[in-house]
Amino acid sequence: TECVSGCVCPEGLFDDGKGGCVEQKDCPCMHNNQWYPSGEKIKVDCNTCTCQKGFWSCTEYMCYGTCTIYGSGHYITFDGKFYDFDGSCEYVATQDFCGDNNSSGSFSIITENVPCGTTGVTCSKAIKMFLGKTELKLENKDYKEIQRDVGDDVHYGNRTVGLYLVIEASNGLMLIWDKKTTVFIKLTPDYKGKVCGLCGNFDDKSNNDFTTRSGVQETNALKFGNSWKQSSTCPDVTQEVKPCEMKPHRQSWAEKECNIIQSEVFKICHSKVDPKPFYEACVHDACSCDSGGDCECFCSAVAAYAQECIKAEACVFWRTPDIC
């Protein structure tokens with residue numbers, strides 16, 4: 001109806017998003033606010049996507065799901081929900097004994113949380129892994145095996161990769177432990193929607209991850225976490241611990257150190273993985289670990305962000321002689 005001033009591409013050509021005009025076959029594709037030229041490949045989880053005429057064409061492999069537990073009570077579920085839960089007890093991290101067919105599971109992973117520091121936050125001290133009739137206990141940088149009378153035979157192997165101990169079982173479960181406070185639990189896609197615990201239900205939807213032991217959907221992380229404690233004698237967690245308010249003199253140190261996550265060092269990753277929850281978790285941990293493990297808490301928190309960056313194909317070299 002009226003004239004609009006501006007630039008347009010000639011007939012048959014398309015705007016390439018950078019001020020140029022290209023043929024359709026050369027149209028770029030967008031991913032995480034970044035433009036990629038036609039023909040370029042990127043990795044998304046375990047799949048490779050190729051940019052073709054402005055659209056992504058991806059392989060369709062089934063990828064492992066990963067649940068991360070690190071530092072003082074930070075959880076990232078299989079479906080990517082990030083939350084904090086500071087409870088001092090043993091909790092079910094994940095298991096396939098869920099719902100009505102409670103008897104037919106093959107594994108259960110329990111995290112034992114203990115206070116770390118004097119502010120009341122808790123860290124994962126030991127992991128118990130039940131595989132059929134084998135129980136593995138991971139504690140004090142080592143693990144031991146206990147044979148029980150009931151259950152099936154589930155074979156497993158272990159290996160050390162860099163800092164990590166990796167335990168891989170024949171039922172599609174893998175556990176990666178840094179021998180301190182970080183655990184990665186990986187499951188094959190066969191378990192989608194069939195697991196429960198603090199790691200959620202692995203059904204590709206994060207909004208229903210807070211499903212309690214009794215099957216009720218909860219919105220509150222504390223009520224959800226309390227429902228997965230192993231022993232009814234442990235006290236329920238009633239309030240969120242805010243260590244920086246309790247130790248205000250540590251807050252500025254924590255914010256300064258943790259700022260590496262939001263700095264140029266990690267710039268390549270910011271558009272791929274949101275740094276904000278990792279920065280907040282880092283400040284929380286750096287404030288809370290005041291009994292010897294200061295740097296360990298800080299380093300684990302930064303390493304958790306670096307790990308997510310690597311999964312998104314943003315390799316960051318952040319460790320230096322001065323930092324971790």
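About the cut-offs
Residues numbered from 1 in each chain as written. Predicted model: local features only at pLDDT ≥ 70, side-chain atom pairs only at ≥ 80, totals over all residues. Heavy atoms only, no water. Helix = DSSP H or I, 4+ residues; strand = E, 2+ residues; numbered from the N terminus. Buried < 20%, exposed > 50% of the residue type's maximum accessible area, 1.4 Å probe, protein only. Contact = heavy atoms within 4.5 Å. Areas by Shrake-Rupley, 256 points an atom, 1.4 Å probe, with all protein chains shown as cover. Lys, Arg positive; Asp, Glu negative; His and termini not counted. Charge placed at Lys NZ, Arg CZ, Asp CG, Glu CD. Phe/Tyr/Trp six-rings, centres within 6.5 Å; stacked < 30°, edge-to-face > 60°. Lys NZ or Arg CZ within 6 Å of the ring centre and 35° of its normal.

J.: If you had to explain the overall build of the protein chain to someone new, which residues and values would you point to?
T.: A count of helices and strands for the protein chain gives six helices and 19 strands. Here the protein chain, with 324 residues, has 46% of them falling under the buried criterion. Taking all contacts inside the protein chain whose residues are at least 6 apart in sequence as the whole, residues at least 24 apart take part in 48%. Summed over all atoms, the accessible surface of the protein chain reaches about 17,000 Å², with 50% contributed by carbon and sulfur. On the protein chain, the mean spot of the 32 positive side-chain charges and the mean spot of the 45 negative ones are 3 Å from each other.

J.: Tell me about the packing of aromatic side chains, and please be specific about residues and values.
T.: Per the stated rule, a full pass over the model turns up 12 aromatic pairs. A centroid spacing of 5.8 Å and a plane angle of 70° characterise the contact between Tyr 83 and Phe 224, whose relative ring orientation is edge-to-face. Placement of Tyr 83 in strand 10 (residues 82-84) and of Phe 224 in helix 1 (residues 221-227) is noted, with a sequence separation of 141 residues between them. Each member of the pair, Tyr 83 as well as Phe 224, is classed as buried. Aromatic pair Phe 266 and Tyr 305: ring centres 5.2 Å apart, planes at 50°, arrangement tilted. Of this pair, Phe 266 sits in the loop between helix 3 (248-258) and helix 4 (267-270) while Tyr 305 sits in helix 6 (residues 294-311), and the two are 39 residues apart along the sequence. With respect to class, Phe 266 is no different from Tyr 305; both count as buried. Through successive ring pairs, a cluster of aromatic residues spans Tyr 75, Tyr 83, Phe 210 and Phe 224. Over the face of the ring belonging to Phe 210 we find Lys 81, whose NZ or CZ atom lies 4.7 Å from the ring centre.

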